[in-house]
Amino acid sequence: MNDTLDLEQRLRDLAAAAPVPPTPLEQDLERGHRRLRRTRLLAGAGAAVGVAAVALAVGLVGTATESGDPVPAGAPTEVASDDPAPSEPSPLRQKEPNGGQLLQTYRDVLAEHLDPDGRHLQEKPDNLQYGSGLGTKLAWTVPGQEGMGMVQIFVGPGWRSDVGGLCGEPGATCSKTTVDGVTATVIEGDGSTTVVVRKGRVPVAITVQELFGNNSLVPVDGLDLDVADLVRAAADERIVPPTPKQIRNAGPSMGFPALPDETGPRGQGVSRAPAPR
Amino acid sequence: MSSVEGVEEGNGRFWMTGRQQRDRAFGEYVAERRAHLYRAAYLLCGDPHRAEDIVQQALTRLYVAWPRVSRADSVDAYARRTVVNAHIDETRRPWRRERPVEAESGSALDRPVDPGVPPEDSDALWTALRGLAPGQRRVVVLRHYWGLSVDETAADLGISPGTVKSQTADALARLREALSVAATPGEHP
């Protein structure tokens, strides 16, 4: 018992001596505001496409309670309110986008979850991964560094999202994790992490590597992403499976020559620039 | 205080929008508890920069969830859980995966000297803490720094009370052993 009391006192002493950084409150508030905006944008997107009735209901309830109308100061109820929501256009289209536009949507969703400040993730996809699904590889850079990492997304069946195959790679370790009720498989290999989330029968795979092997010889330092955020990005309802038409027209819409009809389990990959190996 | 400005109505009564209410209440909580959250995160990870990252993540999530958790009067519990969850997320990152250090490898510590605490005491405890697996360290911090009960700790970590008890016993045994080795006669009165 005395040992325990002594430990508790020593822990308190140690913690009390920690150098607490002087972080301004405004920074905490700004981070909260940004996250809230992103959360609401996601809810709005869900309502726009009517993907899930539940999501739609939540969005309507949120809108009804977030009018921004004044309430008396000190009122006991807390209203989940922000500035009156501007009527922003939905990020989702009313008609089917082409494959290139779909990849841009994938990229934008990744950026919202992984790079909200917009400092690291390549802005426009110029790499195409296709087969039974569609995906792209995006560069991840850090200002002032020459290194380049990679974030890849692939939506649909194929070797890039095949959990059995990925877990069977030499040196790979596999585990399950659950984030916000979404179960994902996490495959960790040499310098890379892949998260696979299944949406019905369609797998969504996001791979993060510190070295964009085809485009750089120098790994990026500071590619410090959270597995939970990868899962959230993969589970985002805007990451929808491509249609066969989108897989076919992805190349031409991105300026590549028309793709041969090679949709199949192996899939292909093309980049705008030749890959220096 | 510009973030919590109100709106003066015609009758002189002070009104605030929902967002201003949220910012004010959140700001009051942060002013009061940020240091405590930071210190807990610091004990969990042993690094001041990572501790700040953890607290920032936790407070961001707390802000989004504020209406719900404040209505339920569970702000502090929610904040505590988000700090612990953020630490769990940190330990899952492949390039930041924590591995327990051996008690004698004090050179692995990457932190400044703690002002006000005798360096030898600080080093011994830090080394002992770093020698624990992350899960054991979380149990120790929740039980013996935050003062939670076995059941509360189990609920926070999503594990059974039995696991909490066994991890606590294992962790205390390891800490006791490491600290007794460090406290050789003549060095620690």
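Whatever comes next refers back to the structure up there.
All values derive from a computational prediction rather than experimental measurement.

## Brief notes about the overall build of chain A
For chain A, the helix and strand inventory stands at seven helices and nine strands. Across the 277 residues of chain A, 43% fall into the buried class. Considering only contacts within chain A whose residues lie at least 6 apart along the sequence, 60% involve residues at least 24 apart. As presented, chain A carries roughly 13,800 Å² of accessible surface, and 55% of it is formed by carbon and sulfur atoms.

## Concerning the nonpolar core
One finds Leu11(A), Phe26(B), Leu37(B), Leu43(B), Leu62(B), Leu129(B) and Leu175(B) to be the most contacted residues of the largest nonpolar core, which totals 56 residues. Looking at which element gives the most residues to this core, the answer is helix α1 (residues 18–45) of chain B, with 11 residues. Among residues more than four places away in sequence, those in contact with Leu37(B) are Tyr29(B), Val55(B), Leu59(B), Ala79(B), Val83(B) and Trp146(B). Counting residues in each nonpolar core, the second largest holds 39 residues, with Tyr106(A), Val109(A), Leu128(A) and Ala234(A) among its members.

## Things to note about the pattern of salt bridges
Scanning the model with the defined rule gives 14 salt bridges over all chains in all. The partner of Glu30(A) in a salt bridge is Arg37(A), and the shortest N-O contact between them spans 3.5 Å. The partner of Asp236(A) in a salt bridge is Arg238(A), and the shortest N-O contact between them spans 3.2 Å. Under the relative-accessibility criterion, Arg238(A) is labelled buried at 4%. The network of salt bridges with common partners includes Asp28(A), Arg31(A), Arg34(B) and Glu52(B).

## A look at the layout of surface pockets
In this model, the second largest pocket occupies a volume close to 780 Å³. Forming the walls of the second largest pocket are 24 residues, and the residues nearest its centre are Leu114(A), Pro116(A), Asp117(A), Asp229(A) and Gln57(B). Of all the secondary-structure elements, those providing two or more residues to the lining of the second largest pocket are α2 (25–49) and α4 (99–114) of chain A together with α2 (48–71) of chain B. Counting residues per element, the lining of the second largest pocket draws most heavily on α2(B), which supplies five residues.

## Section: helix α6 (residues 150–157) of chain B
Residues and elements named next belong to chain B. Among the residues of α6, Val150, Thr153, Ala154, Asp156 and Leu157 are the ones counted as buried. Down the axis of α6, the smallest arc covering the buried residues is 165 degrees, so these residues share one side. Exposed and facing more than 90 degrees away from the buried side of α6 are Asp151 and Ala155. Looking one or two places after α6, you find Gly158, whose phi comes out positive at around 70 degrees.

Here is what the cut-offs are and how they apply
- Residue positions are given per chain, counting from 1 as you read along its sequence in written order.
- Labels are handed out in written order, letters beginning with A for the chains and numbers beginning with 1 for the ligands.
- Owing to the predicted nature of the model, reporting of local features is limited to residues with pLDDT of at least 70; listing and counting of side-chain atom pairs is limited to 80 or more, with chain, interface and lining totals taken over all residues.
- Remark: hydrogens and water are excluded; side-chain values derive from all non-hydrogen atoms of the structure.
- To qualify as a helix, a DSSP run of H or I must reach at least 4 residues; to qualify as a strand, a run of E must reach at least 2; elements of each kind are numbered from the N terminus.
- Between buried and exposed lies partly exposed: a residue is buried under 20% and exposed over 50% of the maximum accessible area for its type, with that area taken using a 1.4 Å probe on protein chains only.
- A contact between two residues is defined here by any heavy atoms of the two lying within 4.5 Å.
- Surface accessibility in these figures is a Shrake-Rupley result with a 1.4 Å probe; residues are shielded only by whichever protein chains are displayed.
- As used here, the term nonpolar core means buried Ala, Val, Leu, Ile, Met, Phe, Trp, Tyr and Cys residues forming a set that is joined through side-chain atoms within 4.5 Å.
- Should a side-chain nitrogen of Lys or Arg be within 4 Å of a carboxyl oxygen of Asp or Glu, the pair is scored as a salt bridge.
- Residues are called lining when one of their atoms sits within 4 Å of a cavity or pocket point, these points coming from a 1 Å grid over the protein atoms alone, where a cavity is a set in which a 1.4 Å probe fits but cannot get out and a pocket is an open set with protein on both sides within 12 Å along at least five of seven lines.
- Grid points are joined across faces, edges and corners, and a volume is the space filled by probe spheres set on the points.
- Arc definition: directions from the helix axis to the C-beta atoms.

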